[in-house]
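Notes for the structure review
Single-letter residue listing:
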There are 2 protein chains.
Amino acid sequence: MSPIGKTRPTGRDRLRDSVLAGDLSFLLARANALTLAAANAALAEHGLKARSYSVLALAADDVRPTQRELAEFLRLDPSQVVALVDGLEKRQLVERQTDPADRRANVLVATDAGRALFAQAQESARAVELGLLAAVTPQDHERLAQLLRLLAFPD
Amino acid sequence: MSPIGKTRPTGRDRLRDSVLAGDLSFLLARANALTLAAANAALAEHGLKARSYSVLALAADDVRPTQRELAEFLRLDPSQVVALVDGLEKRQLVERQTDPADRRANVLVATDAGRALFAQAQESARAVELGLLAAVTPQDHERLAQLLRLLAFPD
DNA sequence: ACGAATCGTTGAAAAAGTCAATTATTTGTG
DNA sequence: CACAAATAATTGACTTTTTCAACGATTCGT
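Residues numbered from 1 in each chain as written. Chains lettered and ligands numbered in written order. Predicted model: local features only at pLDDT ≥ 70, side-chain atom pairs only at ≥ 80, totals over all residues. Heavy atoms only, no water.

**Notes on the nonpolar core**
- Formed by 88 residues in total, the largest nonpolar core has its most connected members in Phe73(A), Leu144(A), Leu148(A), Phe73(B), Leu144(B) and Leu148(B).
- Setting aside residues no more than four positions away along its own chain, Leu144(A) makes contact with Leu133(A), Leu24(B), Leu144(B), Leu147(B), Leu148(B) and Leu151(B). (Core = buried A, V, L, I, M, F, W, Y, C linked by side-chain atoms within 4.5 Å. Buried < 20%, exposed > 50% of the residue type's maximum accessible area, 1.4 Å probe, protein only. Contact = heavy atoms within 4.5 Å.)

This is the structure in structure tokens:
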């Protein structure tokens, strides 16, 4: 046995072996930062970012979300959703339709152009995701998604 | 069998059953947003946020990180680290020591007060984390951490 | 020894987030 | 029904965070 109980790792692993590196919040933040950067880079060629991609995805999926639902779902302030939708609507990718059931609310619907662009962007997004998950088996991928869902939707 | 192949869920689940909700990037972003908000709220009573907590954690752990290492590890711009360290140093929780091996670099070290505050803050952080993971078994907790590590440290 | 690279710092500019006020509409209650 | 309270979207002001280029000090490679 070594006479020293605990040896400090050297170089690259010094920080990775710290207490902080075991922290779930930290891992989540760092994983998210890397993933977000990769996604934004890939989506840029379609003139999208992760945010606008998310909005477009929901619109193209015929979810018909109101802006308020969007805000809650994406954890944004309603005023940020206004700007996001403005951008997509100006590009004619998406349309505001006043909800007939509640004329205060706007329901978001993708245009044909929006659906077409989303289909393309989705390809890029998928490719990025596969790249990031290169070290993860498909089973673990699904498992990870399940566990994250528990954190993302606590109720 | 129902004559309709696919039924749209109603109410709360409409968005949760969308394609986007299966997206790992999205789940990561939303889980991170909720976790970060909870952490910040809990750390506020110690005058910290997730960022400053992270820096303090590494300093208190005797990792002796340089500011550049901090920036890479926390995925921040070096200039943001300057501001972060300034704040902690003004409160005498942390000290800049010029690295004897490279006098361009500052190594971060926690003061006794910093270690004491960190110990307290760590309690709050742990409590929050447990709260968030109420629906997750300890085994799954560890599994989640492992999988996140793969995303957070791809190399 | 000397040019190129690196570390921390500064400051400016862009982007993102927060918040209160406003209008239009709906909901709940008498 | 009428009317007060609540809710959806929007706007504008304000703060915080992010991003970037430039700079002095120091180190590295040759």
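**Concerning the packing of aromatic side chains**
- Following the criterion strictly, the structure yields 8 aromatic pairs over all chains and no others.
- Among the aromatic residues, ring-to-ring pairing joins Phe26(A), Phe73(B) and Phe153(B) into one connected group. (Phe/Tyr/Trp six-rings, centres within 6.5 Å; stacked < 30°, edge-to-face > 60°.)

**Re the protein's contact with DNA strand C**
- Near DNA strand C there are 18 residues, and of these Arg51(A), Gln80(A), Gln67(B), Arg68(B) and Arg104(B) occur at the shortest range.
- For DNA strand C, a phosphate oxygen lies 3.3 Å from a polar atom in the side chain of Lys49(A).
- In the model, a phosphate oxygen of DNA strand C is placed 2.9 Å from a nitrogen or oxygen of the Arg96(B) side chain.
- Contributions of two or more residues to the surface near DNA strand C are made by helix 5 (78–90) of chain A together with helix 4 (67–74) and helix 5 (78–90) of chain B.
- Looking at which element gives the most residues to the surface near DNA strand C, the answer is helix 5 of chain B, with 3 residues.
- Among the residues making up the surface near DNA strand C, the classes are represented as 3 nonpolar, 6 polar and 9 charged. (Near = heavy atom within 4 Å. Polar contact = N/O pair within 3.5 Å; in protein donor to acceptor, adjacent residues only side chain to side chain. Helix = DSSP H or I, 4+ residues; strand = E, 2+ residues; numbered from the N terminus. Nonpolar A, V, L, I, M, F, W, Y, C, P; charged D, E, K, R; others polar.)

**Here we look at the relation of the copies chain A and chain B**
- Overlaying chain A on chain B yields an RMSD of 0.1 Å, the required transformation being a rotation through 180 degrees with an accompanying axial translation of 0.0 Å. What we have between these two chains is a two-fold relation.
- Mapped onto chain B, 100% of the interface residues of chain A again fall at the interface, so both copies present the same surface. (Least-squares fit on C-alpha atoms with pLDDT ≥ 70 in both.)

**Points about the protein's contact with DNA strand D**
- Near DNA strand D you find 18 residues, and of these Gln67(A), Arg68(A), Arg104(A), Arg51(B) and Gln80(B) are the closest.
- A share of 73% is what sugar and phosphate atoms reach among the atoms of DNA strand D within 4 Å of the protein.
- Measuring from a phosphate oxygen of DNA strand D, one finds a side-chain N or O atom of Gln67(A) at 2.5 Å.
- At 2.6 Å from a phosphate oxygen of DNA strand D is found a side-chain nitrogen or oxygen belonging to Arg51(B).
- For the surface near DNA strand D, the secondary-structure elements that each account for two or more residues are helix 4 (67–74) and helix 5 of chain A together with helix 5 of chain B.

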